[in-house]
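# Examination of the molecular architecture
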Amino acid sequence: MPATDTLSPSVTEALHRRRSVRAFTDAPVDPDVLKAVFAAAQRAPSGGNLQPWQVTLVTGEPWERVKTAVAARIAMGREGYQPEYDIYPKGLTDPWESRRFGVGEALYASLGIPREDKAARLARFMENYRGFGAPVMLFLHCSRIMGPPQWSDMGMWLQSVMLLLVEQGLASCPQECWAMYGQTVRETLGLGEDQILFTGLAIGHADAGEAVNQWPVPRVDVDEVIDWQGF
C-alpha cells in the first residue's frame, strides 16, 4: 500500500506520530486511500478469526445528519443521555483517575482555558460532537452477542487503522463519547437494534498550527506497567 511519504514510517515511528488530533482542516480525504487502509487493517487479529468489527463510514450530508441528531439529544441535558456502556469504570481509583484528570487538565491548559472557566470548557468539549472539524467519521460497532474478548478484537482493529492512517499522512481521534448517545447514532445510521456502538473515529488532515495538537501527552514509564519475571 503506497504511503504519502517517500519512505513509509516504521511501526515505531507511526506509534510515536499517532496522537488523538482535536483540530482538523476541512481538506477532503481520498476514499481510495481509506479503502486501502481498511483492506490492510483486515489483517488485525481476532480470536477464532471472528472479525467482529462492523463499520459505518460517513462524510458529507450523512455526517451532518448524525451531528444534527446528536446535538438535539445534547440539548435535552441529562434526559438526552443514551449510554451504550460505562465509558469509565464506576468508582475509578488511582493511578487511573489521576491519569484521566491529568490529561484533561493538560488539554485545557494547551488551549489556555482555566479550570474556573466552565463555559469555555463546555464549549470546547462540545467540539467532540462535531468531530473536531474532521470531514470523515468512522463509527465502529458490533453485534450485541459479542463479549469482552471481541471488544478487545475491535480495539486491535482500531489501532491498526490509526497506524495505517499515519502511514498515509492522515490523522485521527478515537471518540468513545459518541456512545453516550448510542441509540440516536444507531437510528440515524440505520443500524439495527442487534448492533451496539463502540466508538467513533474522526479522520482527516491535522491542523498542525493548532496548539491542541501540539502539547505532549504523558505516558507512564514501562516499568510501571510491566512486571519483569525471570529476566
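Residues numbered from 1 in each chain as written. Predicted model: local features only at pLDDT ≥ 70, side-chain atom pairs only at ≥ 80, totals over all residues. Heavy atoms only, no water.

### Brief notes about the packing of helix 2 (residues 31-41) against helix 6 (residues 148-167)
Going by this rule: Interaxial angles span 0 to 180 degrees and are taken between N-to-C directions of axes, which are lines fitted to C-alpha atoms, for helices over the stretch in contact. The way it works is that DSSP assigns letters per residue, a run of H or I at least four long becomes a helix, a run of E at least two long becomes a strand, and they are numbered from the N terminus. When describing relative orientation, an angle under 35 degrees is termed roughly parallel and one over 145 degrees roughly antiparallel, while 65 to 115 degrees is termed roughly perpendicular and anything else oblique. Two helices that cross are described as forming a left-handed crossing if the nearer one is turned anticlockwise from the farther one by less than a right angle, and a right-handed crossing if clockwise. Contacts were defined at the residue level, with two residues in contact if any of their heavy atoms lie within 4.5 Å. Basically, the charged four are Asp, Glu, Lys and Arg, the nonpolar ten are Ala, Val, Leu, Ile, Met, Phe, Trp, Tyr, Cys and Pro, and anything else, Gly included, counts as polar.
At their nearest, the axes of helix 2 and helix 6 sit 9 Å apart, and the two run at 140° to each other. If you check the angle between helix 2 and helix 6, you find them oblique. For the element pair helix 2 and helix 6, the recorded crossing hand is right-handed. Of helix 6, the residues touching helix 2 (which contributes Leu 34, Val 37, Phe 38, Ala 40 and Ala 41) are Trp 157, Ser 160, Val 161, Leu 164 and Leu 165. Here the residues of the contact of helix 2 with helix 6 sort into nine nonpolar, one polar and no charged.

### Overview of the packing of aromatic side chains
Rules: Any two of the Phe, Tyr and Trp rings considered here, Trp counted by its six-membered ring, make a pair once their centres fall within 6.5 Å; the pair's planes then place it as stacked at under 30 degrees, edge-to-face at over 60, or tilted in between. Each residue is placed in one exposure class: buried if its accessible area under a 1.4 Å probe, protein chains only, is under 20% of its type's maximum, exposed if it is over 50%, and partly exposed if it falls in between. We call a charge positioned above a ring when the Lys NZ or Arg CZ atom is no farther than 6 Å from the ring centre and deviates by at most 35 degrees from the ring normal.
Tallied over the entire structure, the rule returns 13 aromatic pairs. Centroid distance Trp 63 to Phe 139: 6.5 Å. Interplanar angle 70°. Geometry classified as edge-to-face. Of the two residues, Trp 63 sits in helix 3 (residues 60-74) while Phe 139 sits in strand 2 (residues 136-143), which places them 76 residues apart along the sequence. For Phe 139, a relative accessible area of 0% translates into the label buried. Between the aromatic rings of Phe 139 and Trp 178, the centroid separation amounts to 5.6 Å while the plane-to-plane angle is 90°, which identifies the pairing as edge-to-face. Separated by 39 residues along the polypeptide, Phe 139 in strand 2 and Trp 178 in the loop between strand 3 (171-175) and helix 7 (182-189) bring together distant segments of the chain. For Trp 178, a relative accessible area of 0% corresponds to the buried category. An aromatic cluster is built from Trp 63, Tyr 81, Phe 125, Tyr 129, Phe 139, Trp 178 and Tyr 181, whose rings are joined through pairwise contacts. In this structure, Arg 19 packs its charged tip against the face of Trp 215, placed 5.7 Å from the ring centre. One residue, Arg 100, lies across the ring of Tyr 88, its end atom 3.8 Å from the ring centre.

### A short note on the pattern of salt bridges
Rule in force here: Salt bridges, as used here, are contacts in which a Lys or Arg side-chain nitrogen is within 4 Å of a carboxyl oxygen on Asp or Glu.
As enumerated under the stated definition, the model contains nine salt bridges in all. We note a salt bridge from Arg 99 to Glu 224, for which the minimum N-O separation is 3.3 Å. You can see Arg 99 sitting in helix 4 (residues 96-110) and its partner Glu 224 sitting in the segment after strand 4 (195-204), a full 125 residues away along the chain. Among the residues examined, Arg 99 registers a relative accessible area of 33% and is labelled partly exposed. Glu 105 is the partner of Arg 115 in a salt bridge, and the nearest nitrogen-oxygen pair spans 3.7 Å. Of this pair, Arg 115 sits in the loop between helix 4 and helix 5 (118-125) while Glu 105 sits in helix 4; the two residues are ten residues apart in sequence, bridging distant segments of the chain.

### A word on the confidence of the model for the chain
Stated formally: Known as pLDDT, the predictor's per-residue confidence is scaled from 0 to 100.
Of the residues in the chain, 97% reach a pLDDT of 70 or more, and the chain-wide mean stands at 95. Low confidence marks residues 1-5, where pLDDT is under 50. Its contacts with residues over four positions away, or in another chain, come to 14 contacts.

### Points about the nonpolar core
As a rule of thumb, nonpolar side chains are buried together in soluble globular proteins. For clarity, the threshold we go by: Residue types Ala, Val, Leu, Ile, Met, Phe, Trp, Tyr and Cys, when buried and joined through side-chain atoms within 4.5 Å, form a set referred to as a nonpolar core.
Counting 26 residues, the largest nonpolar core has Leu 140, Trp 157, Val 161, Leu 165 and Leu 201 as its most contacted members. Residue assignment for this core shows that the elements contributing at least two residues are helix 2, strand 2, helix 6 and strand 4. Broken down by element, the residue count for this core peaks at seven residues, all from helix 6.

### Observations regarding the environment of Arg 65
With respect to the element layout, Arg 65 can be found in helix 3. For the pair Arg 65 and Cys 173, spaced 108 residues apart in sequence, the C-alpha to C-alpha distance is 20 Å.

### A closer look at the layout of surface pockets
Empty space among the atoms can be located by rolling a probe the size of a water molecule over them. Put simply, the test is: Think of a 1 Å grid over the protein atoms and nothing else: a 1.4 Å probe that fits but is trapped marks a cavity, an open set flanked by protein within 12 Å on at least five of seven lines marks a pocket, and residues with an atom within 4 Å of a point count as lining. Grid points are joined across faces, edges and corners, and a volume is the space filled by probe spheres set on the points.
For the second largest pocket, the calculated volume is near 260 Å³. In terms of lining residues, the second largest pocket is bounded by 13 residues, among which Arg 17, Val 166, Leu 170, Ala 171 and Ala 206 are the most central. Classifying every residue of the lining of the second largest pocket by side-chain character gives six nonpolar, three polar and four charged.

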